[in-house]
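# Summary of the model geometry
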Amino acid sequence: MLGAAVFSGADAVYLGLTGFNARRTAGNFTPEELQEAVSFCHARGVKVHVTLNTLVYDRELAGLADAVRAVAAAGADAVIADDLATAQLVKSIAPTLYLHGSTQMSVHTPEGAKELAALGYDRVILARELSLEEIRAVCEASPIEVEVFVHGALCMGVSGQCMMSAFLGGRSGNRGACAGPCRLPFDASPNLRPGQPGRACHLSLKDMDYIPHLRELMDAGVASVKIEGRLRTPEYAAAVVTACRAVCAGQPYDEKLVRDIFSRSGFTDGYLTNRNDGKMFGVRTEADAEATRAATPKARELFRRELQRVPVRYTVSGGVEDGGIKLTAADADGHKVSVYSADEPQPAQKDPLPGVERALGKTGGTPFVMAGLTAEAGEGGLGFLPGSVWNEMRREALDKLLEKRSEVRPHATQDITLPAYPAHTVGQVPALAARFANAAQCPADAVEKLQYLIFPIAAAESIPAAWRGKTLLELPRVMFGKLEQKTAARLDALQDAGFAGAVVNNPAQLRLADGWTLYGGLGLNVTNPMSAARYAALGMQGMLLQPETALTAMTAIAPGVPTAALCYGHLPLMLTRACPLRNVRDCGKCQGGGTLRDRKGRDFTVTCSAPGGAGVRTVYNPVPLYMGERLREMPVDVAIAAFTTETPARAAQILAMLLDARPFDNEFTRGLYYTNN
């Protein structure tokens, strides 16, 4: 895959180091293989970006530090990271390594890009769900480079905000092990009989294809476009890279080859063009697979020989009176080598330079292309050498130049000692807080018994004044469209309205909520003590730990401010801008949600944050998490009951069970709290 991407013309490659990347099921690189890969790429002028973009736990921090050292030792160009612990280790161990904010960070707004710059990132890789106008707005405001995905698989869920694979199959997408459950049947069809298995795949998006829009993305200010290809074939990489290069050069490309080498019944550009409709969805058919088999030999030809792209300038000196010829080859990066002819040149009958130029220009099979020739002949002239001698001198010179360009240049590293983080106390019953969808859902007689109330900021005006002193306003995990500006305006308007604080769910909100008492929410994905300490240093007065975190891993997180974990709730498995319900109806006929039926006959509730088409959809686990009679086993300061679609009466029942530490009265799950992470 690496060879195909480089030989067909990629300017940079991104790849996984074994253990800490978002494609753990791909064939990733060991530290030794990484060094070979960097050597191979740098010799050809190609940059290498290493993905260390999974959530990490306390027991893995030492290994993560070793991984950063391995990346630095290999001389790679950048690390793609999402967890703030990874970012901190990169900057403290190898400061000259560039740091790219992974799409797993869910950054999608101008303020998000500004915050990543403030956190020390050099580039932001935006969420895939943005329109061209939204991308342009980020580019115009961003102090750092902006990168976007341009082709390949589309996750249904917003990257970094999906827990479906973890909770349905025990393989976390946030930990690089996504099993792709969204490609399985999740059926939004109406009138399914109770328990009838779903058959349609209404969570399966077509692959994105923005290749026809590449010039628009360039004009918008995008610095880099990336192809999602780590679980595909070398032929796929070559076909898409070749197409992108052609468009960037203003040339036509083979659209049929790109479609045939892999698609799910075609492609979508729905996000980029603001057409988020049912046409975005598709599945891989046997016809698609047959097209791929037929197209593979043609695509394979694209990387049979490598692209010649490294300019080399030759200088020939000496001649008849000097008894030999010196050939010097130099590149634009300051590398220079010289070789000498074994044969003495003979007096020339005619100008030898045209023949010399032809011989030296035969650089096929190498990454080099001749950029110029300078002759510095002695007094007797350059003289004549057989073409075979010039060919041999050229091969020797280019081999030496390639070897010199292949030399590993490791980054300087600094020795660090990982902090010794305190452990959280275990065995105490945490205080109880509750999150409600709106004020009407909250039982008034339970308010005094709860340490905090949490409501979406959209419900702020309806919260009684008497409740506000213990109410935290939850900010949205994603703010597509104009929602960032609306959220900022609402925060300003509510600053003096008596609320206890704001729950931050995205890096952008560290800036938007300036002046508020801040608490970290679900969207920040806190799983280890180093990232928790970093958020505490950024002003968090408390934080919710990511729900995939086992209780044993929670014990290691005690950042000096209160920690919290969910003790009840239908977990939000997926946050998505695309609407699965649009497979069967349009927004005008939607009342703000519906259900999806899986292949086992279970119904998953889908809600929309803004019915009418501008909202974000959430898919909830049908079975709630419950820890009521085991609260004492939770090593956190606050246990949060998260109510979403429950009736007020049901919310009151569940709160009573939690307050009395009673077992649950229906089917429930302990989630991943008792797994080994």
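Please refer to the structure higher up on the page.
Here the focus is the packing of helix H9 (residues 234-248) against helix H11 (residues 286-300). To characterise two packed helices, one gives the angle between the axes of the helices and the distance between these axes. Where H9 contacts H11, the axes come no closer than 9 Å and their chain directions differ by 65°. In terms of axis orientation, H9 runs roughly perpendicular to H11. The hand of the H9/H11 crossing is left-handed. Judged by residue contacts, Glu235, Ala238 and Ala239 of H9 engage Thr296, Ala299 and Arg300 from H11. Here the contact of H9 with H11 is composed, by residue class, of three nonpolar, one polar and two charged.

In a soluble, globular protein the nonpolar side chains are often hidden away together inside. In terms of nonpolar packing, the biggest core is built from 187 residues, with Val13 and Leu34 touching the most fellow members. Ignoring anything within four residues of it in the chain, the contact list for Leu34 reads Leu15, Leu17, Phe29, Val48, Val50, Ala70, Val71 and Ala74. Residues Val312, Val339, Val389 and Met393 belong to the second largest nonpolar core, which totals 21 residues.

For the coordinates displayed, the defined rule picks out four cavities of 30 Å³ or more. For the largest cavity, the calculated volume is near 140 Å³. Lining the largest cavity are 13 residues; nearest its centre among them are Asp82, Met105, Leu524, Asn525 and Tyr535. Looking at side-chain class alone, the lining of the largest cavity contains six nonpolar, five polar and two charged residues.

Another aspect to go through is the packing of aromatic side chains. Applying the stated rule across the entire model yields 12 aromatic pairs. Centroid distance Tyr236 to Phe262: 6.5 Å. Interplanar angle 90°. Geometry classified as edge-to-face. Taken together, the residues span a long stretch of sequence, with Tyr236 in helix H9 and Phe262 in the loop between helix H10 (255-261) and strand E10 (267-268) at a distance of 26 residues. In this structure, Tyr236 and Phe262 share a single accessibility class: buried. With a centroid separation of 6.2 Å and an interplanar angle of 75°, the aromatic rings of Tyr626 and Phe668 are classed as edge-to-face.

Turning to the layout of surface pockets, a few remarks are in order. Roughly 1200 Å³ of volume is contained in the second largest pocket. As for the second largest pocket, its lining consists of 40 residues, and the residues nearest its centre are Ala10, Asp11, Ala12, Val13 and Val225. Contributions of two or more residues to the lining of the second largest pocket are made by helix H1 (2-7), strand E1 (12-16), strand E2 (47-52), strand E4 (98-101), strand E6 (145-152), helix H8 (214-220), strand E9 (224-228) and H9. Its residues assigned to classes, the lining of the second largest pocket comprises 22 nonpolar, eight polar and 10 charged.

Time to look at the sheet that holds strand E7 (residues 186-187). Taken in spatial order, the five strands of this open sheet run E7-E23-E24-E25-E22, and their pairing is antiparallel. The sheet terminates laterally at E7 and strand E22 (572-576), the two strands that pair on one side only. In the sheet, strand E23 (residues 593-598) pairs with strand E24 (residues 603-608) via five bridges, with the strands oriented antiparallel. Following the sheet pairing, Arg597 is matched in E24 by Asp603.

For the rest of this paragraph, the subject is the pattern of salt bridges. Any two side chains of opposite charge can pair, so long as their charged atoms come close to each other. By the definition in use, this model includes 33 salt bridges. In this structure, the salt-bridge partner of Lys114 is Glu111, at a minimum N-O distance of 3.1 Å. Placement of the pair is Lys114 and Glu111 together in helix H5 (residues 110-118), with a separation of three residues, close to one helical turn. Taking the relative accessible area as the measure of exposure, Lys114 reaches 26% and is therefore partly exposed. Here the salt bridges do not stand alone but share partners, grouping Glu111, Lys114, Glu115 and Arg511 into one network.

Positioned with a positive phi, Asn191 is a non-glycine residue whose angle comes to about 65°. For Asn191, the position within the fold is in the loop between E7 and strand E8 (207-209). In this structure, Asn525 is a non-glycine residue whose phi angle is positive, near 55°. Along the chain, the position of Asn525 falls in the loop between strand E19 (518-520) and helix H16 (529-537).

A few words now on H5. By the burial criterion, the buried members of H5 are Glu111, Gly112, Ala113, Glu115 and Leu116. Positive phi shows up at Gly120, right after H5, with a value of about 100°.

Strand pairing within a sheet occurs via backbone hydrogen bonds; the two strands may be parallel or antiparallel. Pairing in this open sheet of four strands is mixed, and the strands run E13-E12-E11-E14 from one edge to the other. In this open sheet, the two edge strands, each paired with only one partner strand, are strand E13 (336-340) and strand E14 (368-377). Strand-to-strand twist in this sheet, taken as the mean axis angle between neighbours without regard to direction, amounts to 20°. Pairing between strand E12 (residues 324-330) and E13: five bridges, direction antiparallel. Counted as the bridge partner of Ala329 is Val337 from E13. The strands that helix H12 (residues 353-360) touches are strand E11 (310-319), E12 and E14; relative to E14, the one it contacts most, it runs at about 150°.

Procedures and definitions
- Residues numbered from 1 in each chain as written.
- Predicted model: local features only at pLDDT ≥ 70, side-chain atom pairs only at ≥ 80, totals over all residues.
- Heavy atoms only, no water.
- Axes fitted to C-alpha atoms, helices over the stretch in contact; angles between N-to-C directions.
- Helix = DSSP H or I, 4+ residues; strand = E, 2+ residues; numbered from the N terminus.
- Parallel < 35°, antiparallel > 145°, perpendicular 65-115°, else oblique.
- Left-handed = near helix turned anticlockwise from the far one by under 90°.
- Contact = heavy atoms within 4.5 Å.
- Nonpolar A, V, L, I, M, F, W, Y, C, P; charged D, E, K, R; others polar.
- Core = buried A, V, L, I, M, F, W, Y, C linked by side-chain atoms within 4.5 Å.
- Buried < 20%, exposed > 50% of the residue type's maximum accessible area, 1.4 Å probe, protein only.
- 1 Å grid on protein atoms, 1.4 Å probe; cavity = no way out; pocket = protein on both sides within 12 Å on 5 of 7 lines; lining within 4 Å.
- Points joined across faces, edges and corners; volume = space filled by probe spheres on them.
- Phe/Tyr/Trp six-rings, centres within 6.5 Å; stacked < 30°, edge-to-face > 60°.
- Pairing = 2+ DSSP bridges.
- Salt bridge = Lys/Arg side-chain N within 4 Å of Asp/Glu carboxyl O.

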